[in-house]
Amino acid sequence: NVEYDPQRQRKKILDLCKTVKDQFDTAGQKDKVDPSLDLAFTLVDYAMIFKNPGFKEEKEWRIVHTPLESYEVPFDKISELKFRVNTNRILTYYAYNFQNDFNSNLITEIILGPKCKMTEHDVRQFLNRNDLKKTKIKISKSSYR
């Protein structure tokens, strides 16, 4: 679940820092790397779910898969590492198999952001083709600053 509230974002980071500091203070010299790595990995995770409050209306959820950490995800649902080219860049990604979960109960609404290059018509066609006929489409009122 994406966190839009700056105070809650700050609290999460401060709580994390306090926990890591406590672990660091009580760790022996050879064990001081683990708390530092925990801090780094958790901050990376937070960076993926913290978002500007101007986008709060999106109520966005994100699926985040970082293969360096073990999540309880059925691995038959996640592909091997894949690649695609976009604007002269090679991007890596994992495909997630929603085959048994994909319906309008899973995705009730899609909000097209201010920089979205897809038309509402194109998104509707995609939704209809994928048995998401009841999914609503809205245009975001937010603008990039």
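Scroll up to find the structure this text is about.
Quick caveat: nothing in here was measured; it's all calculated off a predicted structure.

Here we look at unusual backbone geometry
For Lys 59, which is not a glycine, the phi torsion comes out positive at approximately 50 degrees. Here Lys 59 is to be found in the loop between helix H2 (33–49) and strand S1 (82–86). Using a relative accessible area of 64% as the deciding quantity, one classes Lys 59 as exposed. We note that Asp 131 has phi near 55 degrees; this positive angle belongs to a residue other than glycine. Residue class for Asp 131 comes out exposed when judged on its relative accessible area of 55%.

Focus on the side chain of Glu 3
By secondary structure assignment, the location of Glu 3 is in the segment before helix H1 (6–26). Look past the residues within four positions of Glu 3 in its chain and what remains in contact with it is Arg 8, Gln 9, Lys 12, Ile 49, Phe 50 and Lys 51.

Quick notes on the pattern of salt bridges
Tallied over the full model, the rule gives nine salt bridges. Between Asp 131 and Lys 133 there is a salt bridge, with the nearest N and O atoms lying 3.8 Å from each other. Take Asp 131 and Lys 133: they sit in the same class, and that class is exposed. Here the salt bridges share partners, and the residues they tie into one network are Lys 51, Glu 58, Glu 60 and Arg 62.

Digging into a nonpolar patch on the surface
Together, Leu 81, Phe 83, Val 85, Ile 90 and Tyr 94 make up a nonpolar patch on the protein surface, roughly 520 Å² of accessible area in all. Within the element layout of this structure, Val 85 appears in strand S1.

Some points on the packing of aromatic side chains
Taken as a whole and judged by the stated rule, the model has one aromatic pair. Relative to Phe 50, the ring of Tyr 46 has its centre 5.0 Å away and its plane inclined at 15 degrees; by these criteria the two rings are stacked. Each member of the pair, Tyr 46 as well as Phe 50, is classed as buried. Taking NZ or CZ as reference, Lys 51 lies 5.3 Å from the ring centre of Phe 55, over its face.

Thoughts on the environment of Ser 79
Here Ser 79 is to be found in the loop between H2 and S1. The spacing of Ser 79 and Ala 95 is 16 residues in sequence and 5.2 Å in space, taken between C-alpha atoms. Beyond its immediate chain neighbours, meaning those up to four positions away, Ser 79 contacts Tyr 94 and Ala 95. Of the polar contacts made by the side chain of Ser 79, one reaches the backbone nitrogen of Ala 95; its length is 2.8 Å.

Remarks on the pairing of strand S4 (residues 136–139)
When a strand is regular, its side chains alternate between the sheet's two faces. Where strand S3 (residues 109–112) meets S4, four bridges bridge the pair, whose relative direction is parallel. Opposite Leu 112, over in S4, you have Ile 139 as the bridge partner. Running through helix H3 (residues 120–129), the crossover from S3 to the neighbouring parallel element S4 is right-handed.

Section: the side chain of Ser 140
Tracing the backbone shows Ser 140 in the segment after S4. In this structure Ser 140 comes out as buried when scored by relative accessible area, which is 11%. Ignoring any residue separated from it by four or fewer positions in sequence, one finds Ser 140 in contact with Glu 57, Ile 111, Leu 112, Gly 113 and Pro 114.

Rules used in this analysis
- Along each chain, numbering runs from 1 in the same order as the chain's sequence is written.
- Totals for whole chains, interfaces and linings use all residues, but because this is a predicted model, local features are given only for residues with pLDDT of at least 70 and pairs of side-chain atoms are given and counted only at 80 or more.
- Based on all heavy atoms of the structure, the side-chain values leave hydrogens and waters out of the count.
- Helix and strand definitions here come from DSSP, where helices need a minimum of 4 consecutive H or I residues and strands a minimum of 2 consecutive E residues; each element is numbered from the N-terminal end.
- Each residue gets one of three labels from its accessible area relative to the maximum for its type: buried under 20%, exposed over 50%, partly exposed in between, using a 1.4 Å probe on protein chains only.
- Two residues qualify as a contact provided that any one of their heavy atoms is within 4.5 Å of a heavy atom in the partner residue.
- By definition here, a salt bridge exists when the distance from a side-chain nitrogen of Lys or Arg to a carboxyl oxygen of Asp or Glu is within 4 Å.
- Only residues above 30% relative accessible area that lack a salt bridge enter a patch, with like-charged residues linked at up to 9 Å and the nonpolar side chains Val, Leu, Ile, Met, Phe, Trp and Tyr linked at up to 5 Å.
- Values of accessible area rely on a 1.4 Å probe in the Shrake-Rupley scheme; residue burial ignores everything except the protein chains shown.
- Working definition: a ring pair exists when centres of Phe, Tyr or Trp rings (six-membered ring for Trp) sit within 6.5 Å. Plane angles under 30 degrees give stacked, over 60 give edge-to-face, the rest tilted.
- Put simply, a charge is over a ring when the Lys NZ or the Arg CZ is close to the ring centre, within 6 Å, and near the line of the ring normal, within 35 degrees.
- Side-chain atoms alone can form a polar contact between residues adjacent in sequence; in general such a contact is a pair of N or O atoms within 3.5 Å, and within protein one must be able to donate a hydrogen while the other accepts it.
- The criterion for strand pairing is that DSSP finds at least two bridges linking the strands in question.
- Here is how to tell: hold the view so the strands point away, follow the path from the first strand over the helix to the second, and if it runs clockwise the crossover is right-handed.

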